[in-house]
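Overview (structure and organization)
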Amino acid sequence: MSEQHASSQHCPTGALAEIARDLSDPSRLLPALSSGFVIGLLLIVVQLSLATFIFSGPLAQFAPAAAGLTLFGTFVMCVVVALGSGFPSAVCVPEDASAAIMASVAAALASGMAASSADPRAAFVTVGAAMGLSTLATAVFFVVLGRFRLGNLIRYIPFPVVAGFLAGVGWLLVSGGFAIMVGIPLGFAGLPKLVDPQIVFRWLPGVGMAAALLLGMARCRSPFVLPLVLLASLACFGGYLLVSGQNIASAVANGLLLGGMPEGSMLWPVFTPADLALVQWGELVRELPQLLTIPLVSAISFLLISSGMEAAARVDLDLRREFYINALANLVGGAGGSHAGYTALSFSLLGPMTGSNSRLVGVTTGLLAGVATFFGSGVLGLFPKFILGGLILFIGVSTLLDWGVRTRTKVSRLEFAVVWAIICSIAFFGFLEGVGVGLLLASIGFVIKYSRVPVLREDVDAANLSSARQRSVPDRHILRVHAAEVRVLRITGYLFFGSATALSQRVNTHMEAAPGARPRFLVLDFADLDGFDSSAVNCFLRMLQKAGSSEVRLLFTGAPASLLEQMRAADPADVEHALFLPDVDRALEWCEDAILAREQADLEGGENSVAHDRLFDATVDDMLRHLEEGERFEALVEQLGHWLELRTAAPGEAVLRQGESMRGVYLFLSGQAEETRQEEDGQPQRLRTLGPGCVAGQTSLPQGAPAPGAITAQSALRYAYLSVVALRDMEFRSPEAALSFHTLYAGVLEGRLMAGTAQ
């Protein structure tokens, strides 16, 4: 979009300046006037048809007068939106979707008032009031949507649905082009009539004109292609009338001209203030629920059209402003008695497709409708039908080619099938039904694709995982031997029936493994879970039921509170067999304790002396190495004694608080402490257990950095504190002692790094 176009979105004078510029540029003026004139003629016919459609049956006698309501709406809506929209060639008209609902309301009102009112005009006035009020309600609804920026929800509609929607509009235009030329829409039912020689003669010139436009637009992007083809078509039609000896009357009688326009100098205003007394408000209130569907249907259609305009013209519209400007159009149109309207996709795209992307398109269209409204419309009936039908046919075929054929290179085969499913649904069942089918197919495709995205970030045993709790050398050996008994499954993404089923199948694979290969503990970690639905809850309940029969214990870590609540509400008995723990570390500790308790019971029972001897033989080397490390640590503490500050802490006493400035290193001599970190949700996360030989703190930055976690004594604790200042003094006075300390410190850091990598 050009800078001038963008500025005019926010300034009415900018729109007027843009129109003045286009008026002075023949290359923009002629195509815009041509497009606006043709669209105006077509819309006059359409609005007369909609008026007849709404006021039919008992109200048919008022249809000519009601034409003033729909034509007035076309006039004001076109001009308002043309001057204010961010899409320069936007054309806004009272739409057929709202007219269809109004026709149903009008039939109900006429039927209900037939017996209660002697004045037949009362029903006409009441229907007119219903039209105006529903349009005003649409204006209010558009303002609400714009105020709270709800229009951006349309951007979540999948591209295949938008493409199918646009291609479906193209099909409707193609069918409508034939209906304009011969009164028979394109389809299987009317195909035998369309091939009748007399009928072929009436639509063949329009097809030729559409083909000339397609060929001309493909070979030459000049803005003069459209007016030249129109002039040539008019000249050919005039020549045909001369050769065949027909006059205007015979051409109208033969269905070659529009004709049928109501005569008269002024079609609006339709009602007078005295007519308000004839409105049957009670009857109107009874139809209120159906009337309130008009704003909703209008908003949905407008959002789809806006998305289509953005995709077709490759621009980003300010939907909030578009809602506001369409609300203003409905406000003015509703005050005049028109039914609800919004920007029309096919007519708005005519400008960019013919090189006349100008506000003059909408202004010309509106002014032509205004001329018919206030000065009579009989002369407009002299326009050839094949030209209007051929132009609509051209737009429809172009749209079908762009979105029903050329999109093949932009989408997958499945998405392309969705596009054509929408086109066929629109052709056979209707527009809204086709869009509904598209959304349904796109949703099914999304579910299938998303269910294939793995929700398991990791599925490993405990060979390289351990809790932060410090274990003895024999215990560590036992846990290494039985590491395959613990399986950790880290879940990520969103769980719904597709992905939850895939997860359930993986869990079942572990539960159904052979007894020797089957894990005894399955840890399901939800720390990275984005969300879940009720089907996921049912999957977890089935896992619990199967776990009971397979002697596998399920542990849930980091699970949302809502998951636990829903599981308990659905099946409290099975949930009692599961463990819900705050994090994986606590779950690993629980599993380790269970394994060690079982092994300890076996050893104490004396029934497996061979296993006892094997454990002793396997761990003696580790124990000796551990004793040697302990001796080196004690020797280092004695060596550093001059620089160390010995301290003690009672159980529960804080050694270091989270966020507190660290200015040294802590060396733990006896007892046990725990390092934890407070998470954003307020829950503490255990980082590690600290016992004799462990080191914590930093050796640099004398000013101190904030501690990443808190250290709290779990039992009577003895530890030594080496400040950074004392360490610097040690490095100066006793380099050998400092080297011994740094070697120990580097070894501790390496061990922690390796442990973190393993986890």
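Reading the values: the criteria
Residues numbered from 1 in each chain as written. Predicted model: local features only at pLDDT ≥ 70, side-chain atom pairs only at ≥ 80, totals over all residues. Heavy atoms only, no water. Helix = DSSP H or I, 4+ residues; strand = E, 2+ residues; numbered from the N terminus. Expected span 1.5 Å × (residues − 1). Buried < 20%, exposed > 50% of the residue type's maximum accessible area, 1.4 Å probe, protein only. Patch = residues over 30% accessible without salt bridge, like charges linked within 9 Å, V, L, I, M, F, W, Y side chains within 5 Å. Areas by Shrake-Rupley, 256 points an atom, 1.4 Å probe, with all protein chains shown as cover. Salt bridge = Lys/Arg side-chain N within 4 Å of Asp/Glu carboxyl O. Core = buried A, V, L, I, M, F, W, Y, C linked by side-chain atoms within 4.5 Å. Contact = heavy atoms within 4.5 Å. Pairing = 2+ DSSP bridges. Axes fitted to C-alpha atoms, helices over the stretch in contact; angles between N-to-C directions. Phe/Tyr/Trp six-rings, centres within 6.5 Å; stacked < 30°, edge-to-face > 60°. Lys NZ or Arg CZ within 6 Å of the ring centre and 35° of its normal. pLDDT = per-residue confidence, 0-100.

This part covers helix H22 (residues 497-511). Spanning 15 residues, H22 covers 20 Å between terminal C-alpha atoms, matching the ideal 21 Å at 1.5 Å per step. When H22 is considered as a whole, its buried residues turn out to be Gly 498, Ser 499, Ala 500, Leu 503, Ser 504, Val 507, Asn 508, His 510 and Met 511.

Moving on, we get to a nonpolar patch on the surface. Among the surface-exposed residues, Val 140, Val 144, Phe 148 and Leu 150 lie close enough to one another that they form a single nonpolar patch of about 360 Å² accessible area. Judged by its relative accessible area of 55%, Phe 148 falls in the exposed class.

By size, the foremost hydrophobic cluster in this structure holds 128 residues, and its most contacted members are Phe 55 and Met 102. Other than its neighbours up to four places away in sequence, Phe 55 contacts Ala 60, Ala 63, Ala 66, Phe 124, Val 127 and Met 131. Listed in part, the 30 residues of the second largest apolar core include Leu 456, Ala 500, Met 511 and Leu 564.

Turning next to the sheet that holds strand E16 (residues 710-713). If you trace the four strands from one edge of the open sheet to the other, you get E9-E16-E12-E13, paired in antiparallel fashion. One side of each edge strand has no neighbouring strand; the edge strands of this open sheet are strand E9 (654-656) and strand E13 (684-690). On average, each strand axis in the sheet is tilted by 30 degrees relative to the strand beside it, whichever way the strands run. Taken together, the two bridges between E9 and E16 define a ladder with antiparallel strand orientation. Bridge pairing in E16 links Leu 656 to Ile 711.

Right, let's get into the pattern of salt bridges. Following the criterion strictly, the structure yields 18 salt bridges and no others. One salt bridge connects Arg 21 with Asp 22, and the closest N-O pair in it is separated by 2.8 Å. On the basis of relative accessible area, Arg 21 is assigned to the partly exposed category, the value being 30%. We classify Asp 22 as buried; its relative accessible area is 0%. Look at the salt bridges and you will find they share partners, linking Glu 485, Arg 520, Arg 598 and Glu 599 into a network.

Scanning all chains against the criterion turns up 21 aromatic pairs. Ring centres of Tyr 666 and Tyr 721 lie 5.1 Å apart, and the angle between their planes is 45 degrees; this geometry places the pair in the tilted category. Residue Tyr 666 is located in strand E11 (residues 664-670), and its partner Tyr 721 is located in strand E17 (residues 717-723); the two are separated by 55 residues in the primary sequence. This pair shows no difference in class: Tyr 666 is buried, exactly as Tyr 721 is. Three or more aromatic residues link up through ring pairs in this structure, and these residues are Phe 55, Phe 62, Phe 124 and Phe 271. Above the ring of Phe 416, the side-chain terminus of Arg 408 is found at 5.7 Å from the ring centroid. When the ring centre of Tyr 721 is taken as origin, the NZ or CZ atom of Arg 647, which lies over that ring, is 4.4 Å away.

When strand E12 (residues 673-678) meets E13, the two strands line up antiparallel, connected through six bridges. Residue Gln 678 lies in a different strand from E13, and its bridge partner there is Pro 684. The pairing of E12 with E16 spans four bridges and is classified as antiparallel. Its bridge partner lying in E16, Glu 674 is registered against Thr 712.

What follows deals with the confidence of the model for the protein chain. For the protein chain, the mean per-residue pLDDT works out to 82, and 88% of the residues sit at or above 70. Across the protein chain, the secondary-structure element scoring lowest on mean pLDDT is helix H1 (residues 3-8), at 40, and the one scoring highest is helix H15 (residues 319-335), at 95. This stretch, residues 1-10, has a pLDDT under 50; its non-local contacts, to residues over four places away or in other chains, come to 24 contacts.

Quick look at unusual backbone geometry now. Here the residue pair Trp 268 and Pro 269 is connected by a cis peptide bond, since its omega of 10 degrees sits within 30 degrees of zero. Along the chain, Pro 269 turns up in the loop between helix H11 (248-253) and helix H12 (281-286).

This paragraph deals with the side chain of Ser 306. One can find Ser 306 in helix H14 (residues 293-313). You can call Ser 306 buried: its relative accessible area is 1%. Beyond its immediate chain neighbours, meaning those up to four positions away, Ser 306 contacts Leu 317 and Leu 319.

Taken in spatial order, the four strands make up an open sheet running E8-E17-E11-E14, and their pairing is antiparallel. Strands at the two margins of the open sheet, each flanked by one partner only, are strand E8 (645-649) and strand E14 (695-697). Within the sheet, the average angular offset between the axes of one strand and its neighbour, ignoring direction, is 30 degrees. With three bridges connecting them, E11 and E14 associate as antiparallel partners. Opposite Leu 667, over in E14, you have Val 695 as the bridge partner.

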